[in-house]
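So the chains spell out like this:
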Amino acid sequence: MTNTLQGVISVKPSPEMRYRSTSDDANKLPSPPCRRACALTSTVFNKLVKQETLIKDDKSPVTVADYSAQAVVNTILGRAFPADPIVGEEDANDLQNRIVELSNEALTAELGTGDTAEWGIGPGQERTLEELLDAIDRGNDQGGRIGRRWTLDPIDGTKGFLRGGQYAVCLALIVDGDVKLGVIGCPNLPVKSAEPEGRRGCIFAAVKGQGAEQMTISGVDPTPIVIPPVAPGMLNLLESVEAAHADLSFNRRVSELLGITRPPTQMDSQAKYGCLARGDGGVYLRMPTKAGYREKIWDHASGSLLVREAGGLITNSLGQPLDFGLGRTLGVNYGIVAAGKDVHALVLAAVQRARAEDLEIVKA
């Protein structure tokens, strides 16, 4: 991959990607929107979360951060790619004054690495309440098989955010149901897993066919990342903290079948995909905990591309690729299995055996 992921990812134009720009410059994907949204959410945590009782309703700090981050990212996308629809998690219904204040604080910050005033950011670029409401409501696209669209999760990992743990700002470009570009901003993730108390804040970025990189939260020092080969016995699972988000007892059975003895690494959000892509762990499992729940595309689009571009595989438990052309969800939920190419088949076989055992118990 080229060095263009430092601040801005440039992609060579092609008929397949139909990647358009609003200027005569090279076609670009901005990672700066994620960087500014990460800074905003950190501000919300320090200013609001530490001072308030937290429930995700229409007046809680997490909702303030959700709306504000979506307003910032959608404002920039709206300037850079005005014709592109956005599939977002939030839509506007009660935008408070502090959301306007926080959004404008992020939008008007000094230009940094890869930033351009053409995106409507920098000093003097304040937005009105109406403009920010419009930006948030751009996230109401329903997805689908045809066309290009962005997916955005302004705060993936709500409970991690509230705990001061792991959460992520996730942005991806999907063209005709195929994820082409992905960026994951992780404000609280250690830059090096071997130094958990060291410097924090990472951005992961991937372009289809061009590989994956990790950079600092300020968008500098890009480093290519790949999933290293790992012996099955040396694997450990990356899994959700919350039992409601993944079947953790199922994960334990899969670990037994694979002979894994290392304890799992638990964290919220698509930060798990970033850790897998840079070689922390080796397996990410997310099996459904209740019938009828369908995974949202914004929860996996960026991460799925990151894993593939880092040399891994990601499928459902049937071994099928994830389908991002079905709308706002991934359709019937058969779980998610992600691992390095060298072990994915083994992990998938263990998952299928564990599922078969569960079905036998149900029949009995």
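Per chain, the residues get numbers from 1 upward, laid out in the order the sequence is written. Two thresholds apply to this predicted model, a pLDDT of at least 70 for residue-level local features and 80 or more for giving and counting side-chain atom pairs, whereas whole-chain, interface and lining totals are computed over all residues. The side-chain numbers reported here are obtained from all heavy atoms of the structure, hydrogens and water having been left aside.

**Student:** Is there a simple way to think about the packing of helix H1 (residues 32–47) against helix H2 (residues 61–80) in this case?
**Tutor:** Each pair of packed helices gets described by two things: the angle between the helix axes and the distance between those axes. Angles run from 0 to 180 degrees between N-to-C directions of axes, and those axes are lines fitted to C-alpha atoms, restricted for helices to the stretch in contact. The helix and strand labels rest on DSSP assignments: H or I over at least four residues marks a helix, E over at least two residues marks a strand, and numbering proceeds from the N terminus. As a packed pair, H1 and H2 sit with axes 9 Å apart at the nearest point and diverge in direction by 160°. Classified by the angle between their axes, H1 and H2 sit roughly antiparallel to one another. In this structure, H1 meets H2 at a crossing whose hand is right-handed. When H1 is examined against H2, the residues Pro33, Arg36, Ala37, Leu40, Thr41 and Val44 are found in contact with a partner set consisting of Pro61, Ala65, Ser68, Ala69, Val72, Val73 and Ile76. Think of it as three bins: nonpolar holds Ala, Val, Leu, Ile, Met, Phe, Trp, Tyr, Cys and Pro, charged holds Asp, Glu, Lys and Arg, and polar takes everything else, Gly as well. Split into classes, the residues belonging to the contact of H1 with H2 amount to 10 nonpolar, two polar and one charged. Angular relationships are summarised with four words: roughly parallel below 35 degrees, roughly antiparallel beyond 145, roughly perpendicular across 65 to 115, and oblique for the angles in between. Each crossing gets its hand from how the near helix is turned against the far one by less than a right angle, where anticlockwise is left-handed and clockwise is right-handed. Whether two residues are in contact is decided by their heavy atoms, any of which lying within 4.5 Å being enough.

**Student:** It is not clear to me how the side chain of glutamate 242 should be interpreted in this structure. Could you clarify?
**Tutor:** By the secondary structure assignment, glutamate 242 is in the loop between strand S10 (236–239) and helix H6 (248–258). Think of it in three bands: residues with accessible area under 20% of the maximum for their type are buried, residues over 50% are exposed, and the middle band is partly exposed, with areas taken using a 1.4 Å probe on protein chains only. By relative accessible area, glutamate 242 is classed as buried at 18%. Polar contacts, as used here, are pairs of N or O atoms within 3.5 Å; protein pairs need one atom able to donate a hydrogen and one able to accept it. Residues neighboring in sequence count only if both atoms are side-chain atoms. Within the structure, glutamate 242 has its side chain in polar contact with the side chain of arginine 163 (distance 3.1 Å). Contact partners of glutamate 242, with chain neighbours within four places excluded, come to Lys159, Arg163 and Asp268.

**Student:** How should I be thinking about the packing of H1 against helix H3 (residues 97–107) in this particular structure?
**Tutor:** Where H1 meets H3, the axes come as close as 9 Å, and the angle between the chain directions of the two elements is 135°. In this view, H1 runs oblique relative to H3, as classed from their interaxial angle. H3 is crossed by H1, and the crossing has right-handed handedness. Residues Arg36, Leu40, Thr43, Val44 and Lys47 of H1 form the contact with H3, whose own contacting residues are Leu102, Ser103, Glu105, Ala106 and Leu107. Here the residues of the contact of H1 with H3 sort into five nonpolar, two polar and three charged.

**Student:** Mind showing me how you'd approach the pairing of strand S8 (residues 211–216) here?
**Tutor:** The two faces of the sheet receive side chains in turn, since in a regular strand these alternate between them. Across the six residues that make up S8, a large majority, six, are buried. Strand pairing follows a simple DSSP-based rule, namely that at least 2 bridges must link the two strands. Where strand S7 (residues 200–207) meets S8, six bridges bridge the pair, whose relative direction is antiparallel. Each residue of the ladder has a partner; that of valine 207, found in S8, is glycine 211. The turn linking S7 back onto S8 is made up of three residues, and glycine 209 within it adopts a positive phi angle of 85°.

**Student:** Looking at this model, I keep getting lost on the sheet that holds strand S6 (residues 178–190). Mind explaining?
**Tutor:** Strands in a sheet are paired, the pairing made by backbone hydrogen bonds, and the direction either parallel or antiparallel. Pairing is mixed across the open sheet formed by seven strands, whose spatial order is S3-S4-S5-S6-S7-S8-S9. In this open sheet, the two edge strands, each paired with only one partner strand, are strand S3 (86–88) and strand S9 (223–224). Relative to S7, S6 is paired through seven bridges, and the arrangement is antiparallel. Across the sheet, residue leucine 181 finds its bridge partner in S7, namely valine 207.

**Student:** Just checking my understanding: could you explain helix H8 (residues 301–309) for this structure?
**Tutor:** Note on helix geometry: an α-helix contains 3.6 residues per turn, so any two residues three or four positions apart are oriented the same way. Burial of H8 is extensive: eight of the nine residues sit out of reach of the surface. All buried positions along H8 are accounted for by Ala301, Ser302, Gly303, Ser304, Leu305, Leu306, Val307 and Glu309. The first or second residue beyond H8 is glycine 311, which carries a positive phi of 95°.

**Student:** Would you mind showing me how to read the nonpolar core here?
**Tutor:** In a soluble, globular protein the nonpolar side chains are often hidden away together inside. If you look at the biggest cluster of nonpolar residues, it comprises 45 residues, and the most contacted ones within it are Val44, Leu77, Trp150, Phe161 and Leu171. Elements with a contribution of two residues or more to this core: H1, H2, H3, helix H4 (129–137), strand S4 (148–156), strand S5 (168–175), S6 and S7. Grouped together as the second largest cluster of nonpolar side chains are 37 residues, Ile225, Ile227, Ala277 and Ala310 included. What we call a nonpolar core is a set of buried Ala, Val, Leu, Ile, Met, Phe, Trp, Tyr and Cys residues that are connected through their side-chain atoms within 4.5 Å.

It is worth stressing that arrangement in space is one thing and function is another; only the former is reported here.
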